[in-house]
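Architecture at a glance
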Amino acid sequence: MTATVRSADAPFGMQLNWKSINWKEVRDAVRRLQVRIAKAVKEKKFRKARSLQWILTHSYYAKLWAIKRVTSNKGKRTPGVDGVVWTTSRQKLDAVKLLKRRGYRPLPLRRVYIPKKDKNKKRPLNIPTMNDRACQALYKLALEPVAETLADPNSYGFRVGRRCADTIGQCFNTLAKGYSPIWILEADIRSCFDEISHSWMLDNILMDKEVLRKWLKAGYMEEGSIYPTKAGTPQGGIASPTLANMALDGLETAAKKAAPARIDGDKRSKINVIRYADDFVITGDSKELLETKVKPAVEAFLHERGLSLSEAKTHIVRIDEGFDFLGQNVRKYNGKLMIKPARKGVKAFLRDIRKTIRKHLGLSTVSMIGQLNPKIRGWANYHRHVVSGKIFSYIDTCIYNSLWQWMKRRHRNKSKTWMKKKYWLNGSKPWMLSTRVKDKRGYPRHYEVIRACHIGIVRHIKIRGNANPFDPKYFEYFRKRRFLKTYGHRARLAESFV
């Protein structure tokens with residue numbers, strides 16, 4: 001039987017084939033309820049919003065969509081403390097029956113540690129069970145319309161349709177002009193996810209309080225022992241980024257209220273807040289204004305939520321000195337703003353590339369290309385929206401030199417002329433490492449290491465600050481942005497977004 005269900009709350013006993021479910025119909029049904037929630041929040045009808053959230057979290061379609069979410073992402077084969085994963089169609093359909101509010105008790109999170117940028121430190125990562133992940137995904141469907149409607153205009157992290165490039169784009173818009181602010185408070189919140197006050201979240205976040213309380217108090221398991229969680233929202237949970245964002249919403253308003261719009265007569269304070277998750281910068285007309293008024297107001301705002309600034313990572317700098325933000329360096333050179341890949345990020349990327357080449361010394365050329373290309377493409381795509389041309393050329397040169405050393409180790413008895421003919425002259429362009437192999441059917445296939453320079457520079461068009469993906473008047477806007485993201489090389493499409 002195909003999954004052509006007309007009711008949003010279909011009976012649990014229906015025998016469906018997971019692969020034949022009409023996912024467009026499921027998505028549209030969930031979307032309609034989300035739009036209604038966003039509208040109620042915008043009109044400040046919070047009781048109506050809660051009622052609609054209840055309907056959504058008990059909807060059969062929403063449960064199907066939540067299970068699809070957790071069984072199709074990168075962590076779909078990573079179990080929690082119970083060791084259970086959902087892989088078969090039958091398991092996924094049976095999981096719908098488990099998503100019930102009555103009697104729901106989340107299991108402790110499985111804690112693992114992943115390395116930070118600082119090699120001497122590790123970040124805790126908590127892995128919920130599949131059932132708890134699906135429950136979080138379900139309630140996140142009802143929470144996202146609230147978060148998007150109440151969010152700060154210049155908050156870009158972990159939000160629908162927004163990304164790092166939008167954050168950097170806002171930095172450019174704020175700092176590029178001749179009359180732009182010249183002082184920047186570069187701030188970082190200490191252990192943001194681990195320190196958010198539970199009581200504040202329970203009192204201020206618009207969602208089912210009982211379910212939220214159970215998530216926050218679930219605890220975690222490490223080396224066979226269970227530990228309680230007294231604060232914070234666990235990193236690794238699907239709903240955690242949304243909860244953390246909602247805890248920080250209002251920071252922009254608090255910073256702007258700390259200083260009057262104009263100081264010393266007609267002189268403007270130029271307070272702007274640009275935030276990506278728990279990393280943010282605040283601009284101002286003077287260092288004293290940021291130190292004496294804005295920073296204390298930010299600290300008071302965070303203290304109310306159980307948070308504090310990291311003194312080691314919080315600085316006030318001039319735009320002429322520059323600052324690193326989200327892997328980019330933002331700085332003015334003789335009055336002209338230039339945003340480039342941060343030097344630390346470039347060094348870390350090249351270190352990773354050299355490590356990969358040394359680690360796979362015995363691999364075939366095809367395997368080596370398969371290891372390098374995703375890394376080069378991913379790094380270059382992230383930095384292609386800023387001033388990266390010279391850095392891309394430098395990256396390509398360093399990779400070229402490393403590959404020459406790799407070949408010299410592999411072919412100690414061969415001449416440079418032999419290696420040049422075998423590896424460097426058969427690509428789509430000269431001096432690109434390439435090889436030809438036969439596939440399973442015996443047809444020759446060509447593989448080559450891509451160059452960062454060939455990916456090219458594409459200017460990113462920043463999202464509108466007030467754009468809400470759950471507001472019908474922005475549906476066409478977001479549809480065009482998704483199309484532009486896919487076909488960004490078609491420059492003529494950019495004209496409609498200016």
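Placed above this text is the structure.
Now for a quick tour of the structure. Model, not experiment: these values are computed from the prediction.

What counts, and where the lines are drawn
- Residues numbered from 1 in each chain as written.
- Predicted model: local features only at pLDDT ≥ 70, side-chain atom pairs only at ≥ 80, totals over all residues.
- Heavy atoms only, no water.
- Axes fitted to C-alpha atoms, helices over the stretch in contact; angles between N-to-C directions.
- Helix = DSSP H or I, 4+ residues; strand = E, 2+ residues; numbered from the N terminus.
- Parallel < 35°, antiparallel > 145°, perpendicular 65-115°, else oblique.
- Left-handed = near helix turned anticlockwise from the far one by under 90°.
- Contact = heavy atoms within 4.5 Å.
- Nonpolar A, V, L, I, M, F, W, Y, C, P; charged D, E, K, R; others polar.
- Pairing = 2+ DSSP bridges.
- Expected span 1.5 Å × (residues − 1).
- Buried < 20%, exposed > 50% of the residue type's maximum accessible area, 1.4 Å probe, protein only.
- Bend = angle between axes of the 7 residues up to and from the residue.

1. Structural notes on the packing of helix α5 (residues 130-150) against helix α10 (residues 240-248)
As a packed pair, α5 and α10 sit with axes 10 Å apart at the nearest point and diverge in direction by 30°. Taken together, the axes of α5 and α10 lie roughly parallel to each other. α10 is crossed by α5, and the crossing has left-handed handedness. Residues Q136, K140, L143, V146 and A147 of α5 form the contact with α10, whose own contacting residues are S240, T242, L243 and M246. Here the contact of α5 with α10 is built from residues that sort into 5 nonpolar, 3 polar and 1 charged.

2. Considerations on the sheet that holds strand β9 (residues 279-284)
The strand order β8-β9-β3-β10 describes an open sheet built from 4 strands, whose pairing is antiparallel. The two strands at the open ends of the sheet, each matched to only one other strand, are β8 (272-276) and β10 (315-318). Pairwise comparison of adjacent strand axes, ignoring direction, gives a mean angle of 20° for this sheet. In this structure, strand β3 (residues 183-188) lies alongside β10, joined through 4 bridges in antiparallel fashion. The residue of β10 that forms the bridge with E186 is H315.

3. A few points about helix α6 (residues 164-175)
Its 12 residues place the ends of α6 17 Å apart at the C-alpha level, agreeing with the 16 Å of an ideal helix rising 1.5 Å per residue. The buried fraction of α6 is high, at 10 of 12 residues. Restricting attention to buried positions, one finds in α6 the residues C164, A165, D166, T167, I168, G169, Q170, C171, T174 and L175.

4. Examining α5
Every α-helical turn comprises 3.6 residues, leaving residues that sit three or four positions apart pointing alike. Compared with an ideal rise of 1.5 Å per residue, which puts 21 residues at 30 Å, α5 spans 29 Å between its outermost C-alpha atoms and is within 8% of the ideal. Its axis deflected by about 40° at A142, α5 carries its strongest bend there, up to four residues before the proline P145. When you tally the buried positions in α5, you get 18 out of 21 residues, the bulk of the element.

5. Some points on the sheet that holds strand β11 (residues 323-325)
In spatial order, the strands read β11-β12-β13; together these 3 strands make up an open sheet with antiparallel pairing. Looking at strand neighbours, the two that pair on one side only are β11 and β13 (336-341), the edges of this open sheet. Going from strand to strand, the sheet's axes swing by 30° on average, the running direction of each strand aside.

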